[in-house]
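Each chain, letter by letter, is given below.
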Amino acid sequence: MTEATYKNILVDQDGAIGIVTLNRPKVLNALSHELMDELVAALEIFDRDDKIRVIILTGSERAFAAGADIGEMSDETTISIMQKDRFATWAKVAKIKKPIIAAVSGYALGGGCELMMSCDIIIASESAQIGQPEINIGVIPGAGGTQRLTRVVGKHKAMEMILTGRPMNAQEAFHYGLVVKVVPVELYLDEAKSLAREIAKKSPVALKMAKEAVLKTFDTSISEGLEFERKNFYMLFSSEDQKEGMKAFLEKRQPTFSGR
Ligand code: DAK
């Protein structure tokens, strides 16, 4: 799959920032199989591209994504949905090694919320509506919602959201630590880009090690996590970026990180 063949997403580059925009406006960016295949392909290309240091994932002002494509799912059976194993594709988003910032406006529902939570930092516009409404169509979250949402907002809020299907607005999402900043609608992408530019100045090797260590929190004990962190910390002392970063500090100048 190449950029020229994408039908459901747009890809763009702004300096060291790779931008993927979900683009199925007629169905509020419903996450069809084809869209997810394209999204994973685009993210993996950016992940391998040395010129890209940070990725932004966004949608439109009206919708980040209103969920998996219900039309595609409605006739599935237990066996057919298991055999398709779409989860394997979704799981690849969480395996991207570079930082991903989600710039979210409008609806981020169901799979849209789950996709957003697979990203590393979330910036929201004031219009964001974030939730897991699957209960309203007779199912439950299937791409990580019960686990990732609960770990961020806590058991009781997650239960309220998942059992009622009611979304939270941007301010609530900020209050619960799901999004790091809420800005007026016209600014959410600029805000994400400004954050991405700040992060893109850091050592790409250190960013990768830091992301990996933070994510480790979610599937390990504190002692194993601390050990993992320590090993990544030690490993960075074999990078040129560590030498450059510390030398630049001592020489009172800005570092230039090569990613080696
Ligand atoms: N799928 C397909 N089409 C959708 C859609 C969706 N999720 N959401 C909206 N659309 C379509 C609508 O059908 C409508 O199409 P037309 O009628 O114009 O042809 C168009 O987008 C505009 O939507 P509305 O007319 O409904 O617009 P409103 O402003 O009135 O309402 C809304 C916006 C977001 C409140 C409403 O559209 C809505 O409730 N949408 C569904 C939200 C939802 O239930 N989302 C959760 C879906 S379940 C898994 C991976 C992922 C998942 C599960 C497993 N594995 C890897 C195992 C995820 C599951 C889900 O996300």
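If you're wondering where the values come from, they're calculated on a predicted model, not measured in any experiment.

S.K.: Just to check I follow, could you spell out the site of the ligand for this structure?
M.R.: Lining the immediate environment of the ligand, one finds 24 residues, of which R62, A66, A68, I70 and G111 sit closest. Taking K26, its main chain carries an N or O atom lying 3.4 Å from an oxygen atom of the ligand. At 2.7 Å, a backbone N or O of G111 approaches an oxygen atom of the ligand. Here the ligand loses 62% of its free accessible area of 1,100 Å² to cover by the protein chains. When residues of the shell around the ligand are traced back to their parent elements, those giving at least two are α2 (70-73), α4 (87-93), β6 (107-109) and α5 (111-118).

S.K.: Mind showing me how you'd approach the packing of aromatic side chains here?
M.R.: To describe a pair of aromatic rings, you give the distance between the ring centres and the angle between the ring planes. Applying the stated criterion across every chain yields a total of two aromatic pairs. Centroid distance F233 to Y234: 6.2 Å. Interplanar angle 55°. Geometry classified as tilted. Between F233 and F237, the ring centres sit 5.2 Å apart and the planes meet at 65°, which makes this aromatic pair edge-to-face. Judged by its relative accessible area of 48%, F233 falls in the partly exposed class. Grouping aromatic residues by their ring pairs yields a cluster made of F233, Y234 and F237.

Scoring rules and cut-offs
- Residues numbered from 1 in each chain as written.
- Predicted model: local features only at pLDDT ≥ 70, side-chain atom pairs only at ≥ 80, totals over all residues.
- Heavy atoms only, no water.
- Near = heavy atom within 4 Å.
- Polar contact = N/O pair within 3.5 Å; in protein donor to acceptor, adjacent residues only side chain to side chain.
- Areas by Shrake-Rupley, 256 points an atom, 1.4 Å probe, with all protein chains shown as cover.
- Helix = DSSP H or I, 4+ residues; strand = E, 2+ residues; numbered from the N terminus.
- Phe/Tyr/Trp six-rings, centres within 6.5 Å; stacked < 30°, edge-to-face > 60°.
- Buried < 20%, exposed > 50% of the residue type's maximum accessible area, 1.4 Å probe, protein only.

Just distances and angles here, no functional claims.
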